[in-house]
Amino acid sequence: MLNPLFLAQRAARFRSMAEGGPLDFLIVGGGISGAMLHDVLCRRGYRVAMVDKSDFASGTSQASGMLVWGGLLYLKNLDFATVASLCKARKALMEKCARQIKPLDIHYLTGGAPAASKAFVWAALQFYWLLGGCELDRPRFKKCPSGDALIYQEGMLCESDSRFVIDQIAAQDSEQSIALNHCRVATASRDSSHGLWRIGLNDELTGTEHQVTAKVLINAAGVWADELNRLAGLESRYKHVFSKGVYLAFPRGDSVEARIYPMLGRNDVLTHVPWGPVSMWGPTETSIQNMKAGFSADRDDVRFLLDQARRQLRGQHRAEDVVSIRCGIRPLVVPRNYNREEYPLSLSRRHQVEIHKEKMAITMYGGKFTSAMTVAEHTANLLKRWIPPARFSPPTRHHAPETRIHDGLGHAFVTPEWARDRESCATLEDYLRRRTNIAQWMPRMGLGHQNEQRDALLETASAFTDEPNHAEAMVCAYEQRVRSLYDPLLSA
Ligand SMILES: Cc1cc2nc3c(=O)[nH]c(=O)nc-3n(C[C@H](O)[C@H](O)[C@H](O)COP(=O)(O)OP(=O)(O)OC[C@H]3O[C@@H](n4cnc5c(N)ncnc54)[C@H](O)[C@@H]3O)c2cc1C
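Since we're looking at a predicted model, the values are computed, not measured.

Participant: Would you mind going over the layout of surface pockets with me for this structure?
Facilitator: The computed volume of the second largest pocket comes to approximately 870 Å³. Around the second largest pocket, the lining comprises 32 residues; the ones closest to its centre are Arg99, Gln100, Arg163, Asp167 and Pro401. Elements with a minimum of two residues in the lining of the second largest pocket: helix 2 (32–43), helix 5 (161–170), strand 20 (412–414) and helix 10 (416–422). The class makeup of the residues in the lining of the second largest pocket is 13 nonpolar, 8 polar and 11 charged. When we break the lining of the second largest pocket down by domain, the ones giving at least three residues each are domain 1 (4–61 + 162–237 + 345–383) and domain 3 (403–490).

Participant: Mind showing me how you'd approach the side chain of Asp39 here?
Facilitator: In this structure, Asp39 sits in helix 2. Looking at Asp39, its side chain comes within polar contact range of the side chain of Lys96, at 3.3 Å. The residues contacting Asp39, other than those within four sequence positions of it, are Lys96, Gln168 and Gln172.

Participant: Help me understand the site of the ligand, please; the structure alone is not making it clear to me.
Facilitator: Taken together, 35 residues lie around the ligand, and Ser33, Asp52, Ser61, Leu67 and Thr370 are the ones closest in. Between the ligand and the protein, one listed contact pairs an oxygen atom with a side-chain N or O atom of Asp52 at 2.6 Å. For the ligand, whose accessible area on its own is 1,000 Å², the fraction buried by protein is 96%. For the shell around the ligand, the secondary-structure elements that each account for two or more residues are helix 2, strand 8 (183–191), strand 11 (238–251) and strand 16 (324–335). Here the shell around the ligand is built from residues that sort into 16 nonpolar, 14 polar and 5 charged. Here the shell around the ligand spans two domains, and each of domain 1 (4–61 + 162–237 + 345–383) and domain 2 (101–158 + 240–335) adds at least three residues to it.

Criteria and thresholds
Residues numbered from 1 in each chain as written. Predicted model: local features only at pLDDT ≥ 70, side-chain atom pairs only at ≥ 80, totals over all residues. Heavy atoms only, no water. 1 Å grid on protein atoms, 1.4 Å probe; cavity = no way out; pocket = protein on both sides within 12 Å on 5 of 7 lines; lining within 4 Å. Points joined across faces, edges and corners; volume = space filled by probe spheres on them. Helix = DSSP H or I, 4+ residues; strand = E, 2+ residues; numbered from the N terminus. Nonpolar A, V, L, I, M, F, W, Y, C, P; charged D, E, K, R; others polar. Domains from an automatic or database assignment. Polar contact = N/O pair within 3.5 Å; in protein donor to acceptor, adjacent residues only side chain to side chain. Contact = heavy atoms within 4.5 Å. Near = heavy atom within 4 Å. Areas by Shrake-Rupley, 256 points an atom, 1.4 Å probe, with all protein chains shown as cover.

Take a look at the structure:
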């Protein structure tokens, strides 16, 4: 049994979504695309709800490289338009979220490279800086004991990608603007005689079913966008193809520099970026057909990254040194009739907003963390042709969260009680993986190498239920997931 107060709040949200007439907009998907659009539409005074079938930010938005970047790598494809627009989006997002995004120096190591290729990288970085409107620090050369480097800047999310998404949502959650996680769209049909969408929702926590009506349906379901369009009977000129990306996190040690390395044997790069007590090494780039299998790393991904680390990084990078594994699928937009097989890096990372005019629906394809805010503003401008914004816009909430220093990590995280009452945090995993970084900064998803964090996890779990037996069951289920999904990836 989940915490009664939490369940009562949740029931009230379902009621306020269903009562009071049709919603202006129902957004499906609580990743960065949905959350940013939810934020913009709420600020414009609309009656909006956003639902996610799992936790907020539990899709691709929990697995990014956390860089707010202008797309340096896409210069290779001569895709200058995408790079220029990503640079513009980077500037806008860094200005709006100055407290949550900081500039990051990235070292491009040129140690053993021939002079001609150093000069080429130098010229490319200068060009990139110019395309970015000379906003961040100018690229510079640095002589280092570990090898010469060219240094350029990007933005980086300070806390984490999922935390960033949840902060956007928590600031807007009010009577006018509802956000519900663990709530799946099960049916969606257009009632053209009343000009409304009729949507069936399944509450994945309680098993109850709900009906809502909305004037406009917004598909922000990321890699599930095509699936949702099929469910809602929406045809599109586009579709997604999928590329899996995996990072390994190692103890950071004394490494404080973000670095970029060539991916040996492939025309791509890997990054090594400090993040709290760990450094993230990756990502891989693997084209996948089967999305279900793509959401977890496999032994080949781990082996590939360990091999690259052994050949390129200093220090120990063995399987037993891995602190955590991040894995996500990039949604890459292509025309509906696309059927080539190519290395996914050569596909554009642009976004595409498709308008299904007759049915009053919109699908958000592709895109990146970096561009999510500008895409949201662009989409909201399209939507105001259908429904003009209200003159009154509700104030946003700016409550400083209640935090506590984590004993093992020495870092302040939001408390489980605050996360439950103010951030719709329903489960132990929601808390350890997305409200805090505990599952990624402590080995074995926060349990510790020898389960030494089990008691701490049991105490955390008790915030999400009022029955001690249920807290114990939550921890057992979590342990089981670690043993079956995580441990085998790192075993010999
Ligand atoms: C390895 C990797 C590294 C990356 N690095 C960067 C980076 O450094 N910088 C950058 O800008 N971008 C980066 N990206 C890209 C970025 O992470 C994604 O573009 C972005 O997170 C996509 O967000 P989204 O909201 O569109 O999708 P998602 O985050 O996947 O959200 C979609 C949501 O829809 C929900 N949903 C689906 N179907 C339903 C349904 N029927 N009912 C209810 N809910 C539903 C899902 O549960 C999910 O939470 C990276 C991506 C990967 C994989």
